[in-house]
Amino acid sequence: MKENFYVYILSSKRRGTLYVGVTSNLPKRVYEHKNGLVQGFTKKYGVRRLVYYEVAKNAETALTREKQIKKWNRVWKLRLIEEHNPEWADLYDRLTI
């Protein structure tokens, strides 16, 4: 079975504080963020809403994409989210992975 990797963006609220991450188990990782099980930035700033994610074909591609997005300015990140999720809905409940 092929393992997928995901690049994701969490937000504290609409146009709020953003966090970009990568994982091989998106539902589990977002659950950890939502429930404060991850120490650090997301817990400190209440960044719990999954507002964007994309699938990568392997770990290397996912890490490269994560680094690329992290280097983007805030306006570009907001545009990416709003192109795919204009309502800033929490996508966690919609995951069918």
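Residues numbered from 1 in each chain as written. Predicted model: local features only at pLDDT ≥ 70, side-chain atom pairs only at ≥ 80, totals over all residues. Heavy atoms only, no water.

## Focus: the overall build of the protein
So, step 1. Secondary structure summary: the protein contains four helices and three strands in total.
So, step 2. For a compact globule of 97 residues, the expected C-alpha radius of gyration is about 13 Å, and the protein comes in at 13 Å, within 12% of that figure.
So, step 3. Dimensions of the protein, computed from the C-alpha atoms along their principal axes, are close to 35 × 30 × 25 Å.
So, step 4. Put simply, the protein has 97 residues, and 39% of those count as buried. (Helix = DSSP H or I, 4+ residues; strand = E, 2+ residues; numbered from the N terminus. Rg over C-alpha atoms; globule rule 2.2 N^0.38 Å. Buried < 20%, exposed > 50% of the residue type's maximum accessible area, 1.4 Å probe, protein only.)

## With respect to helix α4 (residues 74–84)
So, step 1. Buried within α4 are the following residues: Lys77, Leu78, Leu80 and Ile81. An end-on view of α4 places all buried positions within 160 degrees of arc, on one side of the element.
So, step 2. If you follow the buried residues of α4, they end up packed against β1 (5–11), β2 (18–23), β3 (49–56) and α3 (59–71).
So, step 3. Capping the start of α4 is the job of one residue whose side-chain oxygen sits 3.0 Å from the backbone nitrogen of Val75: Asn73. (Arc of directions from axis to C-beta. Contact = heavy atoms within 4.5 Å. Polar contact = N/O pair within 3.5 Å; in protein donor to acceptor, adjacent residues only side chain to side chain.)

## Points about the nonpolar core
So, step 1. Ranked by size, the top nonpolar core spans 15 residues in total, and within it Ile9, Leu18, Ile69, Leu80, Ile81 and Trp88 carry the most contacts.
So, step 2. Non-local contacts of Ile69, meaning those with residues more than four positions away in its chain, are made with Val7, Ile9, Val20, Glu54, Lys77 and Leu80.
So, step 3. Ranked by size, the runner-up nonpolar core spans nine residues in total, among them Tyr6, Val47, Leu91 and Leu95. (Core = buried A, V, L, I, M, F, W, Y, C linked by side-chain atoms within 4.5 Å.)

Function cannot be read off these values alone, since they describe shape.
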